[in-house]
Amino acid sequence: MEKKVTVVGAGNVGASLAQMIVQDGIADVVLCDIVEGVPQGKALDMSEACPLWGSASSITGANDYSYTAGSDIIVVTAGLARKPGMSRDDLLFANAKVISAVVESTSKLSPKAVIIVVTNPMDVMTQLSLKVSGFDSARVLGMGGILDSARFRTFVAWEMGVSPQDVEALVLGGHGDLMVPMPRFTTVKGVSLPALISQERIDALVKRTRNGGAEIVALLKSGSAYYAPAAAAYQMVKSIIFNQNRMLPCAAYLKGEYGERDVYAGVPVVLGSCGVGKIIQLDLNEQEKKEFDKSIEAVRSLVEKLKL
Ligand code: APR
């Protein structure tokens with residue numbers, strides 16, 4: 001394969017993402033984890049599925065980062081997952097340690113890679129990765145908005161009784177409880193949501209979207225969502241590998257856009273082989289801007305806690 005993707009963390013999200021990449025045969029994968037045997041076992045299992053998938057990708061499991069050298073993309077899913085009753089913020093210090101170690105090792109071995117951070121609390125973990133890697137901010141981004149938007153799309157599709165394929169949605173801001181679903185920029189086959197359903201129903205769908213991660217945590221009892229998070233990260237991987245220049249909501253480093261500076265926030269970006277090609281500026285109304293600012297304030301408070 002021409003392209004190489006490192007996935008750090010061979011847990012639910014990491015292994016699911018690795019499977020998507022290998023099953024579609026779009027890149028070779030190195031799956032790394034701190035637990036001995038787990039990445040090797042999952043990689044062997046997937047290798048043995050390749051003849052059945054008709055895939056020519058190779059997948060290697062490792063505890064040692066030397067295997068990751070020369071990767072085009074590094075996806076970081078390593079860390080602790082949320083448990084019931086635990087907020088994303090509770091994970092802050094534990095996961096900061098993990099991310100620092102992972103990014104320190106992998107970024108040195110793949111100095112040209114694009115880093116995608118999935119580990120929560122994602123926005124601040126992405127900012128930490130920027131600092132530790134020393135990469136240009138265009139090549140360090142976080143996965144959150146695509147997942148939140150996919151959840152919003154699902155709920156809108158169910159509400160309307162239409163295919164989720166016909167629903168486009170946008171969720172901006174931090175990937176936390178204060179995320180900002182944008183009904184005005186959410187459409188069903190081009191028709192804006194407020195023209196289709198009542199404000200009361202929109203509010204209910206927004207609320208469910210904001211609670212999307214917690215709803216799944218409460219059902220699973222142990223662990224958190226992984227199919228949709230992996231699918232969201234996969235969309236980013238594909239846009240980078242194939243230089244698709246897709247416009248996707250991702251956590252990107254703001255340098256004055258949306259009136260914010262030196263902080264990661266979920267905004268629409270154009271994503272290609274060099275990472276963030278550009279950030280798309282939307283004209284937010286007063287209420288949207290207020291919610292966006294509040295969401296970014298929450299991200300900033302975590303950035304300050306980590307003294308980034
Ligand atoms: N280095 C490498 N891997 C590590 C390290 C480390 N220092 N610390 C933990 N891991 C591995 C764990 O061994 C585990 O296999 O990270 C993996 C995490 O997998 P899961 O516990 O299954 O968590 P998952 O559901 O995949 O979620 C991972 O993504 O969506 C977010 O909130 C979620 O932050 C969490 C992350």
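Source: prediction; values computed, not measured.

Student: Give a detailed account of the side chain of S149, specifying residues and quantitative values.
Tutor: Residue position: S149 is located in helix 5 (residues 145-160). Given a relative accessible area of 4%, S149 falls into the buried group. Those residues within four positions of S149 in sequence are excluded, and the remaining contacts are A169, L170, V171 and P249.

Student: Explain the domain arrangement of the protein residue by residue, including any values.
Tutor: Structurally, the protein comprises domain 1 (4-142) and domain 2 (145-305). Here the C-alpha centroids of domain 1 and domain 2 sit 22 Å apart. For the pair domain 1 and domain 2, the summed buried area comes to about 3,300 Å², and 69% of that belongs to carbon and sulfur atoms. In this assembly, domain 1 and domain 2 are joined by zero salt bridges. On inspection of domain 1 and its partner domain 2, the count reaches eight residue pairs in polar contact (both at pLDDT 80 or more). Within the residue set of the side of domain 1 that touches domain 2, elements represented by two or more residues are helix 1 (12-24), strand 4 (73-76), helix 3 (92-109), strand 5 (114-117), helix 4 (122-133) and strand 6 (140-142).

Cut-offs and rules
- Residues numbered from 1 in each chain as written.
- Predicted model: local features only at pLDDT ≥ 70, side-chain atom pairs only at ≥ 80, totals over all residues.
- Heavy atoms only, no water.
- Helix = DSSP H or I, 4+ residues; strand = E, 2+ residues; numbered from the N terminus.
- Buried < 20%, exposed > 50% of the residue type's maximum accessible area, 1.4 Å probe, protein only.
- Contact = heavy atoms within 4.5 Å.
- Domains from an automatic or database assignment.
- Buried area = accessible area lost by both parts, 1.4 Å probe.
- Salt bridge = Lys/Arg side-chain N within 4 Å of Asp/Glu carboxyl O.
- Polar contact = N/O pair within 3.5 Å; in protein donor to acceptor, adjacent residues only side chain to side chain.

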